[in-house]
Amino acid sequence: MGNATIYREIEPSEKWLKTQITRLCLYFLGMGIETAYKNVPEVKKEMDSLPDTFSFCFTVLNGPSMMILKNGNRVKYVGEKESYHADLELVLKNIEFAYLMMTGRISTPDAIYHNRQFVRGNLGHMMLMIRVMNAAQALLFPNLLLRFYIKKVPRLTMRTMINRAKAYTNATIGFFA
Amino acid sequence: MNTQQKESCPKYFEFFNSVKIISGYKALGNISSELDLLGAKRPIIITDKGVSKAGLIDHVVDSFGGTPVTIGALYDDTPIDSSNVAVNEIAGIYRQQECDSIIAVGGGSVIDTAKGVNIVISEETDDLMKFTGNNRLSKPMKPFIVIPTTAGTGSEVTMAAVIANPAQNVKMQFTSPLILPKVAVLDPVMTMSMPAKITAATAMDALTHAVEAYIGPQKNPVSDAFAFSAIELIKDNIISATKNGGDKDVRLAMANASLLAGVSFSNSMVGIVHALAHATGGLCHVPHGVANAILLPHGLEFYIRKSPETAGRIGKLLRFFIAPEDYAKVPIHERTKSTITAIRDINSNLNQLCGLPLTLTQAGVTKDKLESIAKAALNDGAIAFCPVEVSYEEALEVLQAAY
Ligand SMILES: NC(=O)c1ccc[n+]([C@@H]2O[C@H](COP(=O)([O-])OP(=O)(O)OC[C@H]3O[C@@H](n4cnc5c(N)ncnc54)[C@H](O)[C@@H]3O)[C@@H](O)[C@H]2O)c1
Ligand SMILES: [Fe+2]
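Residues numbered from 1 in each chain as written. Chains lettered and ligands numbered in written order. Predicted model: local features only at pLDDT ≥ 70, side-chain atom pairs only at ≥ 80, totals over all residues. Heavy atoms only, no water.

This next bit is on the overall build of chain B. If you tally the helices and strands in chain B, you get 16 helices and 9 strands. For 403 residues, the compact-globule estimate of 2.2 N^0.38 gives 22 Å, and the C-alpha radius of gyration of chain B, at 20 Å, lies within 12% of that figure. Along the longest, intermediate and shortest principal axes, the C-alpha atoms of chain B span 65 × 45 × 40 Å. Buried residues in chain B amount to 59% of all 403 residues. Considering only residue pairs separated by 6 or more positions, chain B has 79% of its internal contacts joining residues 24 or more positions apart. Here chain B has roughly 15,500 Å² of accessible surface; of this, 54% comes from carbon and sulfur atoms. In chain B, which carries 34 positive and 40 negative side-chain charges, the distance between the mean positions of the two groups comes to 3 Å. (Helix = DSSP H or I, 4+ residues; strand = E, 2+ residues; numbered from the N terminus. Rg over C-alpha atoms; globule rule 2.2 N^0.38 Å. Buried < 20%, exposed > 50% of the residue type's maximum accessible area, 1.4 Å probe, protein only. Contact = heavy atoms within 4.5 Å. Areas by Shrake-Rupley, 256 points an atom, 1.4 Å probe, with all protein chains shown as cover. Lys, Arg positive; Asp, Glu negative; His and termini not counted. Charge placed at Lys NZ, Arg CZ, Asp CG, Glu CD.)

Residues and elements named next belong to chain B. Taken together, the protein ligands of the iron ion (ligand 2) are Asp-205 (OD), His-209 (NE2), His-274 (NE2) and His-288 (NE2), with distances of 2.1 to 2.2 Å. Taken together, the 4 donor atoms coordinating the iron ion (ligand 2) span angles of 84 to 171° at the metal, a pattern that classifies the geometry as irregular. Sequence spacing of the donor residues for the iron ion (ligand 2), all on one chain, is D-x3-H-x64-H-x13-H. With His-209 in helix H6 (residues 196–215) and His-288 in helix H10 (residues 288–306), this pair connects stretches of sequence that are 79 residues apart. Among the residues examined, His-209 registers a relative accessible area of 2% and is labelled buried. (Donors = N, O, S within 2.8 Å, 3.2 Å for Na, K, Ca; no water. Tetrahedral: all angles 85-135°; square planar, octahedral: opposite > 155°, others 65-115°.)

Residue and element names in this part refer to chain B. Of all residues adjacent to ligand 1, which total 30 residues, the nearest are Asp-81, Gly-108, Ser-109, Thr-150 and Thr-158. Contact between ligand 1 and Thr-149: a nitrogen atom at 2.8 Å from a side-chain N or O atom of the residue. Summarising the interface, the protein chains cover 91% of the accessible area of ligand 1, which totals 870 Å² for the free molecule. Looking at the shell around ligand 1, the elements with two or more residues in it are helix H2 (49–53), helix H5 (108–122), strand S7 (160–165) and H6. Residue contributions to the shell around ligand 1 reach at least three from each of two domains, namely domain 1 (26–186) and domain 2 (196–402). (Near = heavy atom within 4 Å. Polar contact = N/O pair within 3.5 Å; in protein donor to acceptor, adjacent residues only side chain to side chain. Domains from an automatic or database assignment.)

The pairing of strands in a sheet happens through backbone hydrogen bonds and is either parallel or antiparallel. Residue and element names in this part refer to chain B. Taking strand neighbours across the sheet as the criterion, the 3 strands line up as S5-S8-S7 in an open arrangement whose pairing is mixed. With partners counted over all chains shown, the strands left at the sheet margins are strand S5 (133–134) and S7, one partner each. The pairing of S7 with strand S8 (residues 170–175) spans 6 bridges and is antiparallel. Considered in S8, the bridge of Asn-165 is made with Val-170. (Pairing = 2+ DSSP bridges.)

Below, the discussion takes up the nonpolar core. Formed by 114 residues in total, the largest nonpolar core has its most connected members in A:Ile33, A:Met47, A:Phe56, A:Phe58, A:Met126, A:Met129 and B:Met204. Ranked by residues supplied to this core, first place goes to H6(B) with 11 residues. When sequence neighbours within four positions are dropped, the list of residues in contact with A:Met126 reads A:Phe56, A:Leu88, A:Leu90, A:Val119 and A:Met133. Counting 30 residues, the second-largest nonpolar core is a separate cluster that includes B:Ala114, B:Phe131, B:Leu137 and B:Ile163. (Core = buried A, V, L, I, M, F, W, Y, C linked by side-chain atoms within 4.5 Å.)

Attention now moves to the domain arrangement of chain B. Residue and element names in this part refer to chain B. Per the domain assignment, the segments of chain B are domain 1 (26–186) and domain 2 (196–402). Centre-to-centre, using C-alpha coordinates, domain 1 lies 27 Å away from domain 2. At the interface, 15 residues of domain 1 touch 24 residues of domain 2. For the domain 1 and domain 2 pair, buried surface summed over both sides reaches about 1,500 Å², with 57% attributable to carbon and sulfur atoms. The interface formed by domain 1 and domain 2 includes 4 residue pairs in polar contact (both at pLDDT 80 or more). For the side of domain 1 that touches domain 2, the secondary structure elements donating two or more residues are S8 and strand S9 (183–186). Taken together, the residues of the side of domain 1 that touches domain 2 break down into 6 nonpolar, 7 polar and 2 charged. (Buried area = accessible area lost by both parts, 1.4 Å probe. Nonpolar A, V, L, I, M, F, W, Y, C, P; charged D, E, K, R; others polar.)

Moving on, we come to the interface of chain B and chain A. Each partner contributes to the interface: chain B provides 21 residues, whereas chain A provides 22 residues. Both faces considered, chain B and chain A share a buried interface measuring about 1,900 Å² in area, 49% of it formed by carbon and sulfur atoms. Per-residue buried area on chain B facing chain A is highest for B:Tyr12, B:Arg136 and B:Glu389; these three make up 30% of the total on that side. Counting every contact that joins chain B to chain A gives 1 salt bridge. Note that A:Lys93 and B:Glu14 form a salt bridge whose closest N and O atoms lie 4.0 Å from each other. Our enumeration of links across chain B and chain A arrives at 5 residue pairs in polar contact (both at pLDDT 80 or more). (Salt bridge = Lys/Arg side-chain N within 4 Å of Asp/Glu carboxyl O.)

Let's shift gears to the environment of B:Lys235. Relative to the elements of secondary structure, B:Lys235 occurs in helix H7 (residues 221–243). Other than its neighbours up to four places away in sequence, B:Lys235 contacts B:Phe320 and B:Phe321.

This next bit is on the confidence of the model for chain B. The share of residues in chain B with pLDDT of 70 or more is 99%, and the mean pLDDT across the chain is 95. Interface predicted TM-score (ipTM) for the complex: 0.77; the corresponding pTM is 0.90. (pLDDT = per-residue confidence, 0-100.)

To continue, consider the pattern of salt bridges. All names here are of chain A. Applying the stated criterion across every chain yields a total of 19 salt bridges over all chains. A salt bridge links Lys-38 to Glu-34, with the nearest nitrogen and oxygen atoms 3.4 Å apart. Here Lys-38 and its partner Glu-34 are both found in helix H1 (residues 16–39), 4 residues apart, which amounts to about one turn of the helix. For Arg-120, the salt bridge goes to Glu-89, with nearest N and O atoms at 3.2 Å. Of this pair, Arg-120 sits in strand S5 (residues 117–120) while Glu-89 sits in strand S4 (residues 88–92), and the two are 31 residues apart along the sequence.

Residues and elements named next belong to chain B. With the rule as written, the count across this model stands at 7 aromatic pairs over all chains. With a centroid separation of 5.6 Å and 20° between ring planes, the pair formed by Phe-15 and Phe-226 is classed as stacked. Within this pair, whereas Phe-15 is found in the segment before strand S1 (20–23), its partner Phe-226 is found in helix H7, the two being separated by 211 residues in sequence. Relative accessible area serves as the criterion here: at 28%, Phe-15 is assigned to the partly exposed category. The aromatic ring of Phe-228 is capped on one face by Arg-319, whose charged end is 5.0 Å from the ring centroid. Lying across the ring of Tyr-327, Arg-335 places its NZ or CZ 4.3 Å from the centre. (Phe/Tyr/Trp six-rings, centres within 6.5 Å; stacked < 30°, edge-to-face > 60°. Lys NZ or Arg CZ within 6 Å of the ring centre and 35° of its normal.)

This part covers the packing of helix H9 (residues 272–284) of chain B against helix H16 (residues 392–402) of chain B. All names here are of chain B. In contact at an axis separation of 11 Å, H9 and H16 are set at 75° when each is read in the N-to-C sense. In terms of their interaxial angle, H9 and H16 are classed as roughly perpendicular. Contact residues: H9 offers Ile-272, Leu-276 and Thr-280, while H16 offers Ala-395, Val-398 and Leu-399. Residues belonging to the contact of H9 with H16 are distributed by class as follows: 5 nonpolar, 1 polar and no charged. (Axes fitted to C-alpha atoms, helices over the stretch in contact; angles between N-to-C directions. Parallel < 35°, antiparallel > 145°, perpendicular 65-115°, else oblique.)

As structure tokens, this is what we get:
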């Protein structure tokens with residue numbers, strides 16, 4: 001006869017820290033997209049070509065997420081809205097991948113080639129949003145770090161520096177507001 | 001550099017294909033037992049006018065003689081490049097005739113239409129449009145058997161469907177592992193009637209699949225193996241299939257090649273050539289294979305300018321296009337160019353044999369369309385799988401070179 005107490009449930013760790021770091025990065029990315037829409041003409045042009053009402057959700061399966069809503073000429077980061085089914089969803093399959101991605105150890109292209117993610121919705125729109133997120137990432141990170149995130153690092157210009165400052169300010173204000 | 005680039009193994013990869021392959025002489029005879037295994041006996045047959053006029057449906061219907069199978073309905077009005085309207089219509093017929101399975105008999109247009117029908121039926125919806133894009137599907141699919149009649153798209157083994165939306169003048173993409181057919185049946189009698197020009201164009205589609213799959217960033221040792229065997233078969237048979245369509249062995253070789261290339265690119269994806277070809281097809285109605293044949297050399301030349309690693313890979317493909325003793329004589333730095341020359345030679349050979357267009361002009365594309373094609377291509381899913389980032393200006397450059 002076996003001893004029943006041997007067969008305990010195993011509750012895998014919550015990965016609390018990785019989840020919170022990912023959550024914070026998603027927050028900055030969301031604010032970055034909002035700022036990029038207002039200040040980077042190419043991003044505005046790209047996003048204006050999306051349907052008038054459009055929602056984009058970047059989420060970790062069963063984890064943190066961020067939602068961008070477009071309504072006419074307004075693009076807004078609206079935080080975590082998980083219950084809502086977005087028009088376009090980029091889903092990372094595991095918090096581990098999300099954490100590695102957010103900390104620059106898996107680049108966006110690699111996340112795609114290695115199937116660490118899946119897209120729900122129109123791939124064409126996803127391509128557009130990847131370009132937008134690249135631009136937002138270019139606002140958020142110093143160029144040295146960018147090499148890990150995106151395929152082609154843009155030249156650092158005065159305009160990028162100013163926009164980067166705006167993005168940080170917006171995000172910081174948003175975070176404490 | 002005078003040593004050949006080493007084959008690098010990816011740090012991670014996935015590979016999936018669940019389709020049962022039945023290939024060869026009298027393969028059609030196995031369909032009834034496959035249906036039986038799938039628990040079905042009342043299939044709808046989906047095809048198009050070209051295929052039914054060639055008498056190919058008779059072969060299929062004949063194969064069910066003396067079996068419990070009844071053909072629930074035959075639909076032969078599938079349009080070129082498929083359409084969401086046809087898909088919704090066929091789904092209605094399927095329900096009305098109480099069918100329990102789907103058999104697609106045709107080229108990529110028919111196969112992709114049938115995939116669309118399976119989506120509408122299995123998801124119990126009345127509108128295909130709700131399921132565009134990636135991974136929208138969740139329900140188990142109906143038994144689905146594919147009998148390709150062209151040797152090109154490989155759609156019988158791919159997780160994708162490309163379906164036109166004529167009202168919006170775009171080609172919509174659907175991808176999900178659930179889309180995969182249960183069985184692919186390759187029988188040489190089904191491709192023998194293909195006219196020379198369609199044979200040539202669809203074969204170039206298959207070659208483009210294999211080449212793009214091998215040089216793409218999602219390639220892996222398994223997809224490479226499929227791509228290599230596809231390229232070898234295509235190189236050996238593409239000219240004789242176009243010249244001498246009655247040769248069953250050659251037809252079977254090409255059908256197998258197209259399937260192999262399909263398995264490869266369904267896993268490793270395609271790149272700039274397909275992104276541009278989809279856009280050209282969507283906006284100017286150039287047949288898919290024709291667009292690929294024209295754009296392949298130019299797409300490869302673009303990669304060579306941008307990425308030495310990709311150039312090295314293109315160079316390694318030369319060994320499939322020329323004899324081994326000649327391959328050894330070509331200096332490594334010239335192999336890349338020679339591969340493209342070899343592909344150009346195949347194209348011009350096909351051009352002389354059956355008038356396959358060599359430029360976008362010859363294919364009827366007007367110059368004022370190039371900008372909108374470039375724009376549409378940037379929003380094609382295949383752009384994500386180019387080994388290098390592609391800008392609007394660069395896409396336009398490739399188109400202008402092919403014009
Ligand atoms: N799903 C995928 O993975 C995938 C891959 C590549 C292409 N495609 C799609 O496939 C479509 C093109 O398919 P295709 O190139 O096979 O051509 P097709 O299905 O459009 O057929 C072309 C013509 O050939 C005729 N035909 C076909 N087989 C014949 C035969 N044996 N004898 C006589 N006539 C025959 C047809 O009636 C049709 O008129 C495009 O819409 C393309 O986007 C899909
Ligand atoms: Fe193709």
